Amino acid sequence: MSVRQFQVTFDCAEPVRVGRFWCEVLGYVPPPPPDGFATWDDVDRDHGSWFACSDPSGVGPRLFFQRVPEGKVVKNRVHLDVRVGTGLVGEERLAALEAECARLVPLGAVRGQLLLADGENESCLNMQDVEGNEFCLD
């Protein structure tokens, strides 16, 4: 039996905030709020222990955000690569990475180190989301 679907789960302090950030980054959409709640803000105010979003095209994995009591203390062992420079090289790739970085920083992302192409790997830009989870613009 092969697995056909999977979701990526984020442990976080503020699931709705982190989830909304990733909706903006990826163009994902949240499901309707659970029964008994008019909005996700109502869910967050009441108990806010989770949030989910999915790719509206149905191609990408569902993202799930769950509240945990402990804070982030070390680098992620798994991270997302946001593929904004696929097929681009050199200055054109760098421009695409910088443009996406400029879009994400006002949403709360933090710019990290730019890793330039080295003959084996193309350039990428390390970043952090609103709770410090690492991701790459690739």
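Look above for the structure.
Residues numbered from 1 in each chain as written. Predicted model: local features only at pLDDT ≥ 70, side-chain atom pairs only at ≥ 80, totals over all residues. Heavy atoms only, no water.

## Focus: the pairing of strand β6 (residues 124-128)
Bridge count for strand β5 (residues 110-115) against β6 is four bridges, and the pairing is antiparallel. Paired with L115 across the strands is C124, a residue of β6. Strand direction decides the pairing type here: β6 and strand β7 (residues 134-137), joined by four bridges, are antiparallel. Within β7, the position partnered with M127 by the bridge is F135. (Pairing = 2+ DSSP bridges. Helix = DSSP H or I, 4+ residues; strand = E, 2+ residues; numbered from the N terminus.)

## Observations concerning the pattern of salt bridges
Using the criterion set out here, one finds seven salt bridges in the structure. The closest approach of N and O atoms between R83 and D138, which form a salt bridge, is 2.7 Å. Here R83 is found in the loop between β4 (80-82) and α3 (90-104), whereas its partner D138 is found in the segment after β7, with 55 residues between them in sequence. Across the pair E98 and R111 runs a salt bridge whose closest N-O atoms are separated by 2.6 Å. Taken together, the positions of E98 in helix α3 and R111 in strand β5 put the pair 13 residues apart, joining distant regions of the chain. Judged by relative accessible area, which is 30%, E98 ranks as partly exposed. Judged by its relative accessible area of 38%, R111 is partly exposed. Salt bridges sharing partners connect three or more residues here, namely R83, R93 and D138. (Salt bridge = Lys/Arg side-chain N within 4 Å of Asp/Glu carboxyl O. Buried < 20%, exposed > 50% of the residue type's maximum accessible area, 1.4 Å probe, protein only.)

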